[in-house]
Amino acid sequence: MKNTNNIKLNQFSKELRLIILLLATEIDENNIKELLDEIDWKHFLKLTRHHRIYPLIYIKLKEFNDHRIPTKIIQILYLECQKNTIRMLHLSGETEYIASIFSKNNIRALFLKGPTLAADLYGDVSLRTSADLDVLIPLNKLGNAEELLLKMGYEKDDYILSILNDWKWRHHHITFFHPEKKIKVEIHWRLNPGPAWEPEFNEMWERRRRSRLISTPVFILGNEDMFLFLVSHGARHGWSRLRWLLDINLIEKLDLNWKNVIRLLRKYQYHYIGGQALILTRNLFNTNIPVEMRSITGKTQSINLAMDALFYLRKMVNLHDTPIPEDVARFHKNHLFSLMSSKQKFLYILSFLYPFHLDSITLPLPKSLHFLYFPLRPFLILWRKSRNHLALGGKNEI
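Undergrad: I would appreciate a short explanation of the pairing of strand S5 (residues 183–188) in the present structure.
TA: The side chains of a regular strand alternate, first on one face of the sheet and then on the other. Burial within S5 is extensive, with five of its six residues counted as buried. With four bridges connecting them, strand S2 (residues 133–136) and S5 associate as parallel partners. Counterpart to Leu-136 in the pairing with S5 is His-188. Relative to S5, strand S4 (residues 173–178) runs antiparallel, the two sharing six bridges. Within the sheet, the bridge partner assigned to Thr-175 lies in S5 and is Glu-186. In textbook terms, the turn of a hairpin is the stretch between consecutive antiparallel strands, and for S4 and S5 this stretch comprises four residues, one of which, Lys-182, has a positive phi near 60 degrees.

Undergrad: So what exactly am I meant to see when it comes to the nonpolar core here?
TA: The tendency in soluble globular proteins is for nonpolar side chains to be buried side by side. Within the largest apolar cluster, 81 residues are counted, with the highest numbers of intra-cluster contacts made by Phe-227, Trp-239 and Met-293. When neighbours within four sequence positions are excluded, Phe-227 is seen to be in contact with Ile-248, Ile-251, Leu-256, Trp-258, Val-261, Leu-265, Leu-278 and Met-293. Membership of the second largest hydrophobic core comes to 29 residues, among which are Met-88, Ala-119, Leu-142 and Ala-145.

Undergrad: Sorry if this is basic, but what is going on with a nonpolar patch on the surface here?
TA: On the surface, Phe-346, Leu-350 and Leu-353 cluster together into a nonpolar patch covering about 330 Å² of accessible area. Within the secondary structure, Phe-346 is located in helix H17 (residues 342–350).

Undergrad: Would you explain the packing of aromatic side chains in this entry?
TA: Two measures describe an aromatic ring pair: the distance that separates the ring centres and the angle between the ring planes. As enumerated under the stated definition, the model contains 14 aromatic pairs in all. With a centroid separation of 5.4 Å and an interplanar angle of 70 degrees, the aromatic rings of Trp-205 and Phe-219 are classed as edge-to-face. On the criterion of sequence distance, the pair formed by Trp-205 in helix H9 (residues 201–206) and Phe-219 in strand S7 (residues 219–220) is long-range, its members being 14 residues apart. With relative accessibility at 23%, the residue Phe-219 sits in the partly exposed group.

Undergrad: Mind showing me how you'd approach helix H13 (residues 271–285) here?
TA: Given 3.6 residues per turn, any residue in an α-helix points the same way as the ones three and four places further on. Taking 1.5 Å of rise per residue, the 15 residues of H13 would be expected to cover 21 Å, and the 21 Å separating its terminal C-alpha atoms lies within 8% of that figure. For H13, a buried count of 13 out of 15 residues is recorded, marking the element as mostly surrounded by other parts of the structure. Positive backbone phi, at 60 degrees, marks Asn-286, one or two positions downstream of H13.

Undergrad: Just checking my understanding: could you explain the side chain of His-370 for this structure?
TA: When you line up the elements, His-370 lands in the loop between helix H18 (357–362) and helix H19 (373–391). Residue class for His-370 comes out buried when judged on its relative accessible area of 15%. Within the structure, His-370 has its side chain in polar contact with the backbone oxygen of Leu-365 (distance 3.2 Å). In this structure His-370 touches Ile-163, Leu-164 and Leu-365, once residues within four positions along its chain are discounted.

Undergrad: What should I look at first to understand the packing of helix H10 (residues 223–236) against H13 in this one?
TA: The description of two helices packed together rests on the angle between their axes and the distance between the axes. Closest axis-to-axis distance for the H10/H13 pair is 9 Å, and the angle between their directions is 80 degrees. In terms of their interaxial angle, H10 and H13 are classed as roughly perpendicular. Counting all contacts with H10, which are made through Phe-227, Val-231, Ser-232 and Ala-235, the residues of H13 involved are Ile-273, Gly-274, Gln-276, Ala-277 and Leu-278. Of the residues belonging to the contact of H10 with H13, the class tally is six nonpolar, three polar and no charged.

Undergrad: Which parts of the structure should I look at to understand the packing of helix H11 (residues 242–251) against H13?
TA: Direction vectors running N to C along H11 and H13 enclose 95 degrees, while the axes themselves pass 10 Å from each other. With respect to each other, H11 and H13 are oriented roughly perpendicular. The residues of H13 that touch H11, namely those facing Leu-242, Leu-245, Leu-246, Ile-248 and Asn-249, are Ala-277, Leu-278, Leu-280, Thr-281, Leu-284 and Phe-285. Looking at the contact of H11 with H13 residue by residue, the class counts come to nine nonpolar, two polar and no charged.

The rules behind these values
- Residues numbered from 1 in each chain as written.
- Predicted model: local features only at pLDDT ≥ 70, side-chain atom pairs only at ≥ 80, totals over all residues.
- Heavy atoms only, no water.
- Buried < 20%, exposed > 50% of the residue type's maximum accessible area, 1.4 Å probe, protein only.
- Helix = DSSP H or I, 4+ residues; strand = E, 2+ residues; numbered from the N terminus.
- Pairing = 2+ DSSP bridges.
- Core = buried A, V, L, I, M, F, W, Y, C linked by side-chain atoms within 4.5 Å.
- Contact = heavy atoms within 4.5 Å.
- Patch = residues over 30% accessible without salt bridge, like charges linked within 9 Å, V, L, I, M, F, W, Y side chains within 5 Å.
- Areas by Shrake-Rupley, 256 points an atom, 1.4 Å probe, with all protein chains shown as cover.
- Salt bridge = Lys/Arg side-chain N within 4 Å of Asp/Glu carboxyl O.
- Phe/Tyr/Trp six-rings, centres within 6.5 Å; stacked < 30°, edge-to-face > 60°.
- Expected span 1.5 Å × (residues − 1).
- Polar contact = N/O pair within 3.5 Å; in protein donor to acceptor, adjacent residues only side chain to side chain.
- Axes fitted to C-alpha atoms, helices over the stretch in contact; angles between N-to-C directions.
- Parallel < 35°, antiparallel > 145°, perpendicular 65-115°, else oblique.
- Nonpolar A, V, L, I, M, F, W, Y, C, P; charged D, E, K, R; others polar.

Structure (structure tokens):
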């Protein structure tokens, strides 16, 4: 097997190195002590918020108990943790409420992240942060779920522009926001946006587990499906937050059947990003790589993907900030393509032959004639490019 220990922490800022050392499976006290005199604590605090790991960092700093750690930093982290605890308890109550309403209306629901994931991996909802709730349901129940959420006071964010029902596979969730509770809920019909392969809902439902968070039946993904989801989700976001890698670090401690994990990863073309995730956690947090998974962590593509992901950590990339800097947007676009297997790349390129909503803006047609966008699409693309070319004064369209 090729060496996967190629990540050198000295490529990161001292503040990020300190955070990584504090979160490691085994604390290296000597290296931590060497860094403490040189820390920009304002930047350190900014990093804990960016990576959404301040609850764990607060505990680690308290345990370390070094006089060089400013009391003010401990106090600020403590207040952040208090706010997060209240937030997570609030989300826990809403999880139970939504689960009960969906159950009464015969909607099978699997909660993907939020408090259920915190309870499952961390054993305490206050130790992980969550901004919203993610719920996976069957596609044919999407209309029922929307109707129920609207009755519960949620408002739908109609941001999806679609044509010929391409939303079903190009997208993977719709968003609802409760203006009074200040809670965002994402209703998923897929784990990830398409075009890509993933397990059918019925398969995941058969492998579901009951959350230990609350007494009301709330269901979550089975261990192996959870691993598949977490690595695909984290990779799609460039592992730009350490929180997602910590999830992988902790899920490895659950009772996973690693033979089933490798089978799922290979079946749905996620084996290289599974290797990427394990390489990153091994190097950053000293996580043990299971024997069964070493066949993918030794692959050149997995190693290269892990090295590329360091770009996001070094630059403290936030993909939710808009506009995204041009160099970051370009790198991310290329990285997303590199995450795909050969079959996924072929399917992705093929998907461009399917009409986009932009085509209906370029040439409005009655809905009954929307099928004509298939043969017209190449001409519409050329027309847009020629117009952009003229608008940019002869420059190429970006």
